[in-house]
Amino acid sequence: QVQLVESGGGLVQPGESLRISCTASGFTFSSYAMRWYRQAPGKERELVARITSTGDSTTYPDSVKGRFTISRDNAKNTVYLQMNSLKPEDTAVYSCNARGPVGASYYLDYWGQGTQVTVSS
């Protein structure tokens, strides 16, 4: 059974940091690229970070570049999102996504249930 379980969300003040995690099971984690998305109420889902299956390349949109860092530990089947200098506009439900497997002629998408991040004073 495929599972992606996010954890680490919560309430923080503007300027603070938070790290959220996503632990995978039920598939070959090291063969999948990983993404973090977020969705705020009334807004479209936004891709905020992407990392390759080996972790050798990452990409970010301008809205979070320089503040957010995605990383992964394939030995622990876990991907992380380190969020620094948080702003109220970062408030959203953050979900992880796995896409793969690398090298296949097709791709599969797996999703976690999401974790709430609220930035407020």
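Higher on the page you've got the structure.
Analysis parameters
Residues numbered from 1 in each chain as written. Predicted model: local features only at pLDDT ≥ 70, side-chain atom pairs only at ≥ 80, totals over all residues. Heavy atoms only, no water. Helix = DSSP H or I, 4+ residues; strand = E, 2+ residues; numbered from the N terminus. Rg over C-alpha atoms; globule rule 2.2 N^0.38 Å. Areas by Shrake-Rupley, 256 points an atom, 1.4 Å probe, with all protein chains shown as cover. Lys, Arg positive; Asp, Glu negative; His and termini not counted. Charge placed at Lys NZ, Arg CZ, Asp CG, Glu CD. Buried < 20%, exposed > 50% of the residue type's maximum accessible area, 1.4 Å probe, protein only. Contact = heavy atoms within 4.5 Å. Pairing = 2+ DSSP bridges. Salt bridge = Lys/Arg side-chain N within 4 Å of Asp/Glu carboxyl O. Core = buried A, V, L, I, M, F, W, Y, C linked by side-chain atoms within 4.5 Å.

What's the story with the overall build of the protein chain in this structure? I'm lost.
Within the protein chain, the regular secondary structure consists of zero helices and eleven strands. For 121 residues, the compact-globule estimate of 2.2 N^0.38 gives 14 Å, and the C-alpha radius of gyration of the protein chain, at 14 Å, lies within 12% of that figure. Considered along the principal axes of its C-alpha atoms, the protein chain spans approximately 45 × 25 × 25 Å. Of the roughly 6400 Å² of accessible surface on the protein chain, 45% is carried by carbon and sulfur atoms. In the protein chain, the 12 positive side-chain charges and the 10 negative ones have mean positions that sit 2 Å from each other.

Please explain the environment of Val 2 as it appears in this structure.
In this structure, Val 2 sits in the segment before strand 1 (3–7). Owing to a relative accessible area of 32%, Val 2 belongs among the partly exposed residues under this scheme. The spacing of Val 2 and Thr 28 is 26 residues in sequence and 9.9 Å in space, taken between C-alpha atoms. Aside from chain neighbours lying at most four places away, what touches Val 2 is Ser 25, Gly 26, Phe 27 and Tyr 110.

When you look at the pairing of strand 9 (residues 92–100) in this model, what are you seeing that I'm missing?
Regular strands show a simple pattern: their side chains alternate between the two faces of the sheet. Among the nine residues in strand 9, seven count as buried, and that is most of the element. Across seven bridges, the pairing between strand 4 (residues 33–39) and strand 9 is antiparallel. By the bridge assignment for strand 9, Arg 35 is matched with Asn 97. Note: strand 9 against strand 11 (residues 115–119), three bridges, orientation antiparallel. From the neighbouring strand, Tyr 94 faces strand 11, where its bridge partner is Thr 115.

I tried to follow the side chain of Arg 35 on my own but got confused; where do I start?
Along the chain, Arg 35 falls in strand 4. Here Arg 35 sits buried without a salt bridge, and the closest side chain of opposite charge, Asp 109, lies 5.6 Å off (N-O distance). When neighbours within four sequence positions are excluded, Arg 35 is seen to be in contact with Leu 47, Ala 49, Arg 50, Ser 95, Cys 96, Asn 97 and Arg 99.

Teacher, can you tell me more about the nonpolar core here?
Soluble globular proteins tend to pack their nonpolar side chains together in the buried interior. Among the nonpolar cores identified, the biggest contains 30 residues, and Leu 4, Trp 36, Leu 81, Met 83 and Tyr 94 are the most heavily contacted of them. The set of elements that each furnish at least two residues to this core consists of strand 3 (18–25), strand 4, strand 5 (46–51), strand 7 (68–73), strand 8 (78–83), strand 9 and strand 11. Apart from the residues within four sequence positions on either side, Leu 4 is in contact with Cys 22, Thr 23, Ala 24, Phe 27, Met 34, Cys 96, Asn 97, Ala 98, Tyr 110, Trp 111, Gly 112 and Gln 113.

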